[in-house]
Amino acid sequence: ENTIFAIILDFTRPWTFMDQLSQWADVIFDINKNLFLNLPVSKQNQMRRKIEEHFKLYKNPNKTEEPATSTGEEQKTDEESKEDEMREALKQMDLEDGILNVNLGVHIMII
């Protein structure tokens, strides 16, 4: 559940990035498959849902948000309520084609 795989690419040979990614993706898939077999199906599904929600709710950290036009506790509550509604709506949407074709239920970081 608290697992992340890290793939560290060899930057001395950038033309091999895709081959390196493919090779390590296969290794990660095999390792993760064996780990998943030891988990109940409900836990596997929960982990996959969590990764899918991460993709659906991702926000670009470099994108600036519009500042609030007014202040006050009521405005904040309304904004929080709208944010919660938006999050729930996004969770229900399907991902676009080509995004998360294989969901291993764990994060993968490429360095």
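In what follows, the accompanying structure is described.

Rules used in this analysis
- Residues numbered from 1 in each chain as written.
- Predicted model: local features only at pLDDT ≥ 70, side-chain atom pairs only at ≥ 80, totals over all residues.
- Heavy atoms only, no water.
- 1 Å grid on protein atoms, 1.4 Å probe; cavity = no way out; pocket = protein on both sides within 12 Å on 5 of 7 lines; lining within 4 Å.
- Points joined across faces, edges and corners; volume = space filled by probe spheres on them.
- Helix = DSSP H or I, 4+ residues; strand = E, 2+ residues; numbered from the N terminus.
- Patch = residues over 30% accessible without salt bridge, like charges linked within 9 Å, V, L, I, M, F, W, Y side chains within 5 Å.
- Areas by Shrake-Rupley, 256 points an atom, 1.4 Å probe, with all protein chains shown as cover.
- Salt bridge = Lys/Arg side-chain N within 4 Å of Asp/Glu carboxyl O.
- Core = buried A, V, L, I, M, F, W, Y, C linked by side-chain atoms within 4.5 Å.
- Buried < 20%, exposed > 50% of the residue type's maximum accessible area, 1.4 Å probe, protein only.
- Contact = heavy atoms within 4.5 Å.
- Pairing = 2+ DSSP bridges.
- Phe/Tyr/Trp six-rings, centres within 6.5 Å; stacked < 30°, edge-to-face > 60°.

**Quick look at the layout of surface pockets**
Here's step 1: Roughly 480 Å³ of internal volume is contained in the largest pocket.
Here's step 2: Taken together, 17 residues form the lining of the largest pocket, with L100, V102, L104, V106 and I108 sitting closest to its centre.
Here's step 3: Secondary-structure elements contributing two or more residues to the lining of the largest pocket are α1 (17-36), α2 (41-56) and β2 (107-110).

**Details of a nonpolar patch on the surface**
Here's step 1: A contiguous nonpolar patch, built from I4, I8, M109 and I111 and spanning about 390 Å² of accessible area, is present on the exposed surface.
Here's step 2: Along the polypeptide, I4 turns up in strand β1 (residues 4-7).

**Details of the nonpolar core**
Here's step 1: One finds F5, I7, L9, I28, F36, M47, L104 and V106 forming the largest nonpolar core, which totals eight residues.
Here's step 2: Of all the elements in the fold, those that place two or more residues in this core are β1 and α1.
Here's step 3: With sequence-adjacent residues up to four places away left out, L104 is seen in contact with I28, F29, N32 and F36.

**A few points about the pairing of β1**
Here's step 1: Side-chain alternation along β1 places F5 and I7 on a buried face and I4 and A6 on a face that remains uncovered.
Here's step 2: As paired strands, β1 and β2 are joined by four bridges and run parallel to one another. Bridge pairing links I7 to I110 in β2.

**As for the side chain of Q20**
Here's step 1: Relative to the helices and strands, Q20 is located in helix α1.
Here's step 2: Of the residues examined, Q20 reaches a relative accessible area of 11% and is grouped as buried.
Here's step 3: When near neighbours in sequence (up to four residues on either side) are disregarded, Q20 contacts I8, L9, D10 and R13.

**Let's talk about the side chain of N32**
Here's step 1: By secondary structure assignment, the location of N32 is in helix α1.
Here's step 2: Once residues lying within four places of it in the same chain are set aside, the contact partners of N32 are F5, L104 and V106.

**Comments concerning the packing of aromatic side chains**
Here's step 1: By the definition in use, this model includes one aromatic pair.
Here's step 2: Aromatic side chains F11 and F17 sit 4.9 Å apart centroid to centroid with 65° between the ring planes, which places their arrangement in the edge-to-face category.
Here's step 3: You can call F11 exposed: its relative accessible area is 57%.
Here's step 4: Overall, the relative accessible area of 21% leaves F17 in the partly exposed class.

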